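# Topology and contacts: notes
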Amino acid sequence: MLNRPRRNRKSQVIREMVQEHHLHASDFIFPLFIIDGENKKTDVKSMPGIYRYSIDHLLKEVESCLKLGLKSFDLFPNLEESFKDQIASESVNENGLYLRAIKEVKNHFPEVCIVTDVAMDPYSSDGHDGLVENGEVVNDKTLQILADMAVAQARAGADIIAPSDMMDGRVQYIREALDNEGFTNISIMSYTAKYASAFYGPFRDALNSAPKFGDKKTYQMNPANQKEALLEGTLDTQEGADFLMVKPALAYLDIIKLMKDNFDLPIAAYNVSGEYAMVKAAIQNGWLDERAITETLMGIKRAGADVILTYHAKEVLENKWI
Ligand code: PBG
C-alpha cells in the first residue's frame with residue numbers, strides 16, 4: 001500500500017506536527033454579564049458556570065482572565081425593569097451601570113480590549129432591539145438611538161463597538177457618528193449574519209431581556225437563508241465594518257465558511273448561550289465528555305472564524321484544554 005494516512009497519526013508528536021488548526025487565547029472574546037449593586041455574583045441557571053457580576057466582582061473576574069491570557073471581553077448589562085423605557089434612555093446614562101462598568105474596567109486594566117453591545121433590548125421596555133411604534137420595530141428612527149449609544153460607549157472607553165440589532169444601514173450610521181465625534185479609531189464588529197434563533201434563550205434569561213411581544217423575525221435573519229448572508233456582508237463591508245460576525249455559530253458553520261471565502265475582513269463567530277447550555281448540560285449529566293468543548297470550538301475555527309465569542313473561553317484556558 002503506497003498511501004497510509006495512519007502513518008501521520010502514529011504518535012502524539014507527529015499528530016501535533018501535522019495539526020492544521022490551533023486554538024489560542026487570542027482567538028477568544030469572553031462575554032460577561034453585569035448587574036447593579038455591590039458584592040454580587042448571581043448565577044445564570046441555564047448557563048452553568050456563568051454569572052452576572054456587580055462591577056467590583058467584574059474587575060476581579062477580568063483580572064483572573066488576564067492571568068490566563070484572555071484579554072478581550074464583551075460586556076452586557078442586566079437592568080431592573082424600572083430603568084427601561086421605550087427609547088432606551090438608560091443606554092446613554094454616563095452614571096448608569098453599563099457605561100460605568102466600561103470605564104472601571106478600562107481604568108483598572110488599560111490593556112484589555114472591550115467590546116460593547118449596541119442594541120436597545122437590555123434597556124427597552126418592549127424588549128426589542130429597535131424602537132417600537134404601533135407594535136412594529138421601526139428602522140430609521142432606531143438609527144439615531146443606536147448611534148448615540150455607540151458614541152457614549154466609545155466615550156466610556158470601548159475599543160470595539162458591536163451592533164447586534166440588525167437594523168438596515170446602522171453600520172454606516174454608527175461609523176459616521178463615531179467619526180464626527182473624533183472616534184475614528186474605534187472599530188465596528190458588525191453582527192452581519194445574525195439569525196432569528198432559538199439558541200438565544202439562556203442569554204435572555206441572563207439579561208432579563210426577552211421581547212415583551214412577538215419575536216425578532218422582522219429584523220433577524222431566517223435560519224433557512226444563505227445568500228442573504230452575502231447580501232448583509234456586502235452591505236456591512238461597504239458601510240465600513242471592521243469585522244463581520246456570524247451568529248449563532250454551530251448550526252451556521254456553512255455561513256462562517258461562506259463569509260470567510262467571500263470577504264476579506266476578519267470573520268467573528270458567536271458561539272451563543274444556547275450552544276453553551278447544550279454542551280454544559282450534557283457534560284453535567286455525564287452524557288458527554290468535556291472534550292466536546294474544544295471539539296466544538298475547533299469546528300468553529302476550522303469553518304473559518306478568526307475570532308470566537310464564547311462562554312467557554314475562560315474554562316478552556318483554566319483547564320489547559322488548549
Ligand atoms: C441582543 C443580543 C442577543 C445576543 C447578543 N446580543 C440576543 C437577541 O438577539 O435576542 C445573544 C447572545 C447569546 O445568546 O449568547 N441584541
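Scroll up for the structure.
Here is a short report on the structure shown in this document.

Turning our attention to the overall build of the protein. For the protein, the count of helices and strands is 11 helices and 12 strands. Relative to its length of 322 residues, the protein is compact, with a C-alpha radius of gyration of 20 Å against a globular reference of 20 Å. C-alpha extents for the protein along the principal axes are approximately 70 × 45 × 40 Å. Of all 322 residues assigned to the protein, the portion counted as buried reaches 56%. Across the protein, the fraction of contacts at a sequence separation of at least 24, relative to all contacts at a separation of at least 6, is 73%.

Further remarks concern the packing of helix H8 (residues 253-262) against helix H10 (residues 291-303). Packing of H8 against H10 brings their axes to within 8 Å, and their N-to-C directions diverge by 30°. Contacts between H8 and H10 pair Leu-253, Ile-256, Lys-257 and Lys-260 from the former with Gly-299, Ile-300 and Ala-303 from the latter.

Opposite charge on two side chains lets them pair, provided their charged atoms get close. Going through the model one piece at a time under the given rule, you end up with 21 salt bridges. Measuring nitrogen to oxygen at the nearest pair gives 3.4 Å for the salt bridge that ties Asp-36 to Arg-100. Pair noted here: Asp-36 is in the loop between strand S1 (28-35) and strand S2 (41-43) and Arg-100 is in helix H3 (residues 97-108), with a separation of 64 residues, a long-range link. The salt bridge involving Asp-165 is made with Arg-170; its shortest N-O contact spans 3.2 Å. Each member of the pair, Asp-165 as well as Arg-170, is classed as buried. In the salt-bridge network here, residues are joined through shared partners; they are Asp-121, Asp-129, Lys-194 and Lys-216.

A few words on the pairing of strand S9 (residues 187-194). In terms of burial, S9 is a largely internal element, eight of the eight residues being buried. One ladder, built from two bridges, connects strand S8 (residues 160-163) with S9; its direction is parallel. Among the inter-strand pairings, Ile-160 is bridged to a residue of S9, identified as Ser-187. In this fold, the crossover linking S8 to S9 by way of helix H5 (residues 170-180) has right-handed handedness.

Scanning the entire structure with this criterion turns up one cavity of 30 Å³ or more. For the largest cavity, the calculated volume is near 100 Å³. Along its surface, the largest cavity is lined by 13 residues, and Asp-121, Lys-194, Phe-203, Lys-216 and Lys-247 are the ones closest to its centre. Those elements that place two or more of their residues in the lining of the largest cavity are S9 and helix H6 (201-207). Residues belonging to the lining of the largest cavity are distributed by class as follows: five nonpolar, two polar and six charged.

Right, let's get into the layout of surface pockets. Looking at the largest pocket, its volume works out to about 420 Å³. Gln-12, Arg-15, Glu-16, Val-18, Gln-19, Glu-20, His-21, His-22, Leu-23, Met-298, Arg-302 and Ile-322 together form the lining of the largest pocket. Elements with a minimum of two residues in the lining of the largest pocket: helix H1 (12-17) and H10. If one sorts the elements of the lining of the largest pocket by residue count, H1 sits on top with three residues. Residue classes in the lining of the largest pocket are distributed as four nonpolar, four polar and four charged.

Turning our eyes to something else, we now look at the environment of Leu-253. Within the secondary structure, Leu-253 is located in helix H8. With 120 residues separating them along the chain, Leu-253 and Glu-133 place their C-alpha atoms 35 Å apart. Among residues more than four places away in sequence, those in contact with Leu-253 are Gly-299, Ile-300 and Ala-303.

This brings us to the site of the ligand. Taken together, 18 residues sit near the ligand, with Lys-194, Lys-216, Lys-247, Ser-273 and Tyr-311 positioned nearest. Asp-121 has a polar side-chain atom sitting 3.2 Å from a nitrogen atom of the ligand. In this structure, a nitrogen atom belonging to the ligand sits 3.1 Å away from a side-chain N or O atom of Asp-129. Against a free-state accessible area of 410 Å², the protein chains account for coverage of 100% of the ligand. Of the pockets mapped on this structure, the ligand occupies the largest cavity. Taken together, the residues of the shell around the ligand break down into eight nonpolar, three polar and seven charged.

Moving on: the environment of Gly-135. Along the chain, Gly-135 falls in the loop between strand S6 (131-133) and strand S7 (136-138). The class for Gly-135 is exposed, based on a relative accessible area of 52%.

Secondary-structure assignment places Asp-126 in the loop between strand S5 (113-118) and S6. Buried and without a salt bridge, Asp-126 has Lys-212 as its closest oppositely charged side chain, separated by 7.3 Å. If sequence neighbours within four positions are ignored, Asp-126 has contacts with Gln-86, Val-132, Pro-211, Lys-212 and Phe-213.

Taken together, the side chains of Val-13, Met-17 and Val-18 present a nonpolar region at the surface, about 310 Å² in accessible area. With respect to the secondary-structure elements, Val-13 resides in helix H1.

The rules behind the values
Residues numbered from 1 in each chain as written. Predicted model: local features only at pLDDT ≥ 70, side-chain atom pairs only at ≥ 80, totals over all residues. Heavy atoms only, no water. Helix = DSSP H or I, 4+ residues; strand = E, 2+ residues; numbered from the N terminus. Rg over C-alpha atoms; globule rule 2.2 N^0.38 Å. Buried < 20%, exposed > 50% of the residue type's maximum accessible area, 1.4 Å probe, protein only. Contact = heavy atoms within 4.5 Å. Axes fitted to C-alpha atoms, helices over the stretch in contact; angles between N-to-C directions. Salt bridge = Lys/Arg side-chain N within 4 Å of Asp/Glu carboxyl O. Pairing = 2+ DSSP bridges. Right-handed = clockwise from strand over helix to strand, strands pointing away. 1 Å grid on protein atoms, 1.4 Å probe; cavity = no way out; pocket = protein on both sides within 12 Å on 5 of 7 lines; lining within 4 Å. Points joined across faces, edges and corners; volume = space filled by probe spheres on them. Nonpolar A, V, L, I, M, F, W, Y, C, P; charged D, E, K, R; others polar. Near = heavy atom within 4 Å. Polar contact = N/O pair within 3.5 Å; in protein donor to acceptor, adjacent residues only side chain to side chain. Areas by Shrake-Rupley, 256 points an atom, 1.4 Å probe, with all protein chains shown as cover. Sits in = over half its atoms within 2 Å of the grid points. Lys, Arg positive; Asp, Glu negative; His and termini not counted. Patch = residues over 30% accessible without salt bridge, like charges linked within 9 Å, V, L, I, M, F, W, Y side chains within 5 Å.

By themselves these figures say nothing about function.
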